Amino acid sequence: MMVNSDKLISFLILIYLGSPVRSAGQTDASGYPVLEIGTQSSNIFGKDSSGVIHSLHSVESKNILLFFYETSCHFCEAILPEMKEKYPEWKKKGYEIYALPLNKDFEGWQAQIREQKSDWINVTDTINAEQIRQAYKITVTPTIYVLDDKRKIASTRLVRPEAIDEWISLHSENIIQKK
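Cut-off values and rules
Residue numbering note: each chain is counted from 1, following its sequence as written. Given that this is a predicted model, residues contribute local features only at a pLDDT of at least 70 and side-chain atom pairs are listed and counted only at 80 or more, while totals for whole chains, interfaces and linings are drawn from all residues. The side-chain figures draw on all heavy atoms in the structure; neither hydrogens nor water molecules are used. Side-chain atoms within 4.5 Å are what join buried Ala, Val, Leu, Ile, Met, Phe, Trp, Tyr and Cys residues into a set we call a nonpolar core. Type-normalised accessible area, obtained with a 1.4 Å probe on protein chains alone, sets the label of each residue: buried when under 20%, exposed when over 50%, and partly exposed for intermediate values. Each helix is a run of DSSP H or I of at least 4 residues and each strand a run of E of at least 2, with the numbering of both proceeding from the N terminus. Residues count as neighbours in contact if any of their non-hydrogen atoms are within 4.5 Å of one another. By the convention used here, strands pair only if DSSP detects at least 2 bridges between them. It is the directions from the helix axis to the C-beta atoms whose arc is reported. The sign given to each residue is positive for Lys and Arg and negative for Asp and Glu; His and the chain ends receive no count. Every case where a carboxyl oxygen of Asp or Glu lies within 4 Å of a side-chain nitrogen of Lys or Arg is listed as a salt bridge. Two rings from Phe, Tyr or Trp (for Trp, the six-membered ring) form a pair when their centres are within 6.5 Å of each other. A pair whose planes differ by under 30 degrees is stacked, one over 60 is edge-to-face, and the rest are tilted.

**Q** Help me out: how do you make sense of the nonpolar core in this one?
**A** A general feature of soluble globular proteins is that nonpolar side chains tend to end up buried together. Grouped together as the largest cluster of nonpolar side chains are 23 residues, with contacts concentrated most on L65, F67, M83, W90, I97 and I144. Every element with two or more residues in this core is listed here: β3 (63–69), α2 (74–92), β4 (95–101), α3 (106–116), β6 (143–147) and α5 (161–178). Not counting the four nearest positions on each side in its chain, M83 is found in contact with F67, W90, I97, W120, I144 and P161. By size, the runner-up hydrophobic cluster in this structure holds 19 residues, among which are V59, Y98, I138 and Y145.

Right under this line is the structure:
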């Protein structure tokens, strides 16, 4: 069977143009897609384990560490003890953690919250998890973004607590000067 090369090229271009992943856009150092710094964050209305809704944009803190994870992510679990240890220091510097799992395992999330016993804001939204994942370009967890006082993206994707420390030490002075 002979294929007309012009038709084949047209077909391949059509597939390429229809593909949702035709442009990488902005990526982090590992090549994962991220939101551009300065992008207004989408508001999230997550429920805590008591059923109380916490709006991301209503968090009473100058800055937010927006922590996306999955309850089945072993790397996410591995960084939790260090995040828990560093949280009081970050809080003193004006950073609150808003943690949100992006999977629909409500029971697993509740068990993890009971075991973890962290003081930051832990919420879930099992109904809108996929929309949140798309809005924040989450392709891998953990993903942590710093949000400034206007709830705009202030950092690229951060993964480890030491990266958060480094970002805070490099940028806190600039954030304070803007006020």
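**Q** Teacher, can you tell me more about the sheet that holds β3 here?
**A** Strand-to-strand pairing in sheets goes through backbone hydrogen bonds, with the strands running parallel or antiparallel. Overall, mixed pairing links the four strands, which are arranged β5-β4-β3-β6 in an open sheet. Each edge of the open sheet carries a strand with a single partner, namely β5 (121–122) and β6. Bridge count between β3 and β6: five bridges; the pairing is antiparallel. Looking across to β6, one finds that L66 is bridged to Y145.

**Q** I tried to follow α3 on my own but got confused; where do I start?
**A** Note on helix geometry: an α-helix contains 3.6 residues per turn, so any two residues three or four positions apart are oriented the same way. Every buried residue belonging to α3 is among W109, Q112, I113 and Q116, and all of these are buried. Down the axis of α3, the sector holding all buried residues measures 100°, keeping them to one side. Exposed positions of α3 whose direction lies more than 90 degrees from the buried face are E107, R114 and E115. Residue K117 follows α3 closely and has a positive phi angle near 50°.

**Q** Explanation requested: the side chain of D125 in the structure shown.
**A** Residue placement: D125 occurs in the loop between β5 and α4 (129–135). Although D125 is buried, it makes no salt bridge; K47 carries the closest opposite charge, 8.3 Å away.

**Q** Is there a simple way to think about the packing of aromatic side chains in this case?
**A** A ring pair, where both rings are aromatic, is described by two values, the distance of the centres and the angle of the planes. Applying the stated criterion to the full structure yields five aromatic pairs. Relative to W120, the ring of Y87 lies with its centre 5.5 Å away and its plane at 75°, an arrangement referred to as edge-to-face. Of the two residues, Y87 sits in helix α2 while W120 sits in the loop between α3 and β5, which places them 33 residues apart along the sequence. Each member of the pair, Y87 as well as W120, is classed as buried. Centre to centre, the rings of Y136 and Y145 are 6.2 Å apart; their planes meet at 40°, and the pair counts as tilted. For the pair Y136 and Y145, one class covers both residues: buried. Taken together, the aromatic side chains of F68, Y136 and Y145 make up a single cluster linked through ring pairs.

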